[in-house]
Amino acid sequence: MKLHWQILLSLILGVISGILLPGVTPSVSWLGDLFINGLSMLIVPLMFFSIANSICNIRETSFSLKRLWTKTFAYYLLTMIIAIFTGLLLVNLVKPGDNVQLELAGNIPENLGQTSLKDVVVGFVPKNIFHAFTQNSTIPVILVSFLVGLSIPKISPEGKSALTAFLKGGLEVTFIITKWIIRLSPIGIFAIVAKQVSAVGDVAALFQVILLYALTVAVGLAIHTFVWLPLLLRLGYGVKPWQHFKNMSTPLLTAFATSSSGATMPLTMYAVEHKDGVSSKITHFTIPLGTTINMDGTALLECVAVIFIAQAYGIELSVAQQALVVFTSLLCAIGAASIPMAALVMMALILNVVGLPLEGVGLVIGVDRLLDMMRTAVNVYGDTCVAVMVAKSEGEKLPIDV
């Protein structure tokens, strides 16, 4: 049985156990704690190795490729930022988590919703690097990762070779451990969901809230796909957005069905090159790069999910904390492509950054399969739009020009 079906089954069993056998929940809740601890254990190594490795690779790119890379990355960054702010606006307007109040396993820290922008900025620089790593202080770990990635290309060839190999090997080892922990996710999710359902008086209200969350994400993805990206193409680059969308129908439907940007990439490249008329040089550079770093749909979903979880626990995030969610969602979306079951792992990372309970992932994992199909299609469509934008910025004439 595939993992997503195992997770769905564990979700159903968790709901049934929470409703019919609430007295049994305390005896299995430790399984959920064990799974959450495993996710928490991955946060610092995933963040450090992925960020440092990515920055190091960028620094070693040749100048001619670096110009095209910089332009492409800037466009990908733009579309992801638009997606994240769309999700941020919707989740604060709809407030899908306000109609249910879950109890935290421990006490809520008094200053959880009172973090200021100054606190966030000061928090980036650790007094002690090793303390930041051992305490899962993810904000300073981000800065340290950037500094390490920027510094390695400047050192001696021997040191650079050794440290580059260390970062690459560390990332590979972390991915292997991640896969092991993810295999245990059905057991952990069963225990988490059973605990949460047994603690809620009105289970029907909980399901309505989760459905409202899913609809909020779906509406956000639709706005990004059918409003913002077409406006960028039409007003910014003078192409026909509806014609472009029709040309991309095959890769978009494939992405929706497979939930895999990587598996769809050959179809995406063919459609961009042969239907939109983008040159082979730009297509073969932008689409593989976008499959790796551009995750418009994922970024939007992560932002909505984290703020929804905060609302469900009755925690009001400050403006500075919501800005931190935006920033971390952006980083996670860029690094999420190569991480197995990325949504779950990255959501745990963002929750840790703003101090929210990691067991909140149990609230959203049940509808993740359907949303995964939708966000993957949006990710792929964002890749194709950026390919067209880069081609137009390079002066290419396309069949879809206005």
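Residues numbered from 1 in each chain as written. Predicted model: local features only at pLDDT ≥ 70, side-chain atom pairs only at ≥ 80, totals over all residues. Heavy atoms only, no water.

Attention now moves to the pattern of salt bridges. Counted according to the given criterion, the structure contains four salt bridges. Here Asp372 ties to Arg375 by a salt bridge, and the two come within 3.3 Å at their closest N and O atoms. With Asp372 and Arg375 both in helix 18 (residues 368–393) and three residues apart, this pair spans about one turn of that helix. A single salt-bridge network, built from bridges that share partners, covers Asp368, Asp372 and Arg375. (Salt bridge = Lys/Arg side-chain N within 4 Å of Asp/Glu carboxyl O. Helix = DSSP H or I, 4+ residues; strand = E, 2+ residues; numbered from the N terminus.)

Between two aromatic rings, the relevant description is the distance of the centres plus the angle of the planes. One pass over the full model with this rule turns up nine aromatic pairs. Between Phe48 and Phe133 the ring centres are 5.5 Å apart and the planes differ by 70°, which places this aromatic pair in the edge-to-face class. Here the residue Phe48 occupies a position in helix 2 (residues 25–59), and Phe133 occupies one in helix 5 (residues 129–134), the gap between them amounting to 85 residues. Aromatic ring contacts, followed pair by pair, group Phe48, Phe49, Phe133 and Phe166 into a single cluster. (Phe/Tyr/Trp six-rings, centres within 6.5 Å; stacked < 30°, edge-to-face > 60°.)

It is worth spelling out the nonpolar core at this point. If you look at the biggest cluster of nonpolar residues, it comprises 86 residues, and the most contacted ones within it are Tyr213, Val217, Val306, Met347, Leu356 and Leu363. The element that contributes the greatest number of residues to this core is helix 2, accounting for 14 residues. Each residue touching Val217, except ones within four places of it in the same chain, is listed here: Leu300, Leu301, Val304 and Leu371. Ranked by size, the runner-up nonpolar core spans 32 residues in total, among them Ala255, Leu289, Val386 and Met389. (Core = buried A, V, L, I, M, F, W, Y, C linked by side-chain atoms within 4.5 Å. Buried < 20%, exposed > 50% of the residue type's maximum accessible area, 1.4 Å probe, protein only. Contact = heavy atoms within 4.5 Å.)

A word on helix 9 (residues 203–237). The terminal C-alpha atoms of helix 9 lie 49 Å apart, and with 35 residues this matches the ideal 51 Å at 1.5 Å per residue to within 8%. Residue His224 marks the point of greatest curvature in helix 9, where the axis turns by about 35°. At the C-terminal side of helix 9, Gly238 shows a positive phi close to 65°. (Expected span 1.5 Å × (residues − 1). Bend = angle between axes of the 7 residues up to and from the residue.)

Turning next to the environment of Val345. Tracing the chain through its elements places Val345 in helix 16 (residues 342–353). In the structure, Val345 is positioned 299 residues away from Leu46 in sequence and 9.3 Å away in space, judged by C-alpha atoms.

Here we take up the packing of helix 9 against helix 14 (residues 296–312). Relative to each other, helix 9 and helix 14 sit at 145°, their axes nearing to 10 Å. Crossing of helix 9 over helix 14 shows right-handed handedness. Residues Val209, Ile210, Tyr213, Thr216, Val217, Gly220, Leu221, His224 and Leu229 of helix 9 form the contact with helix 14, whose own contacting residues are Asp296, Gly297, Leu300, Leu301, Val304, Ala305 and Phe308. Taken together, the residues that form the contact of helix 9 with helix 14 break down as 11 nonpolar, four polar and one charged. (Axes fitted to C-alpha atoms, helices over the stretch in contact; angles between N-to-C directions. Left-handed = near helix turned anticlockwise from the far one by under 90°. Nonpolar A, V, L, I, M, F, W, Y, C, P; charged D, E, K, R; others polar.)

That is the geometry; function is a separate question.
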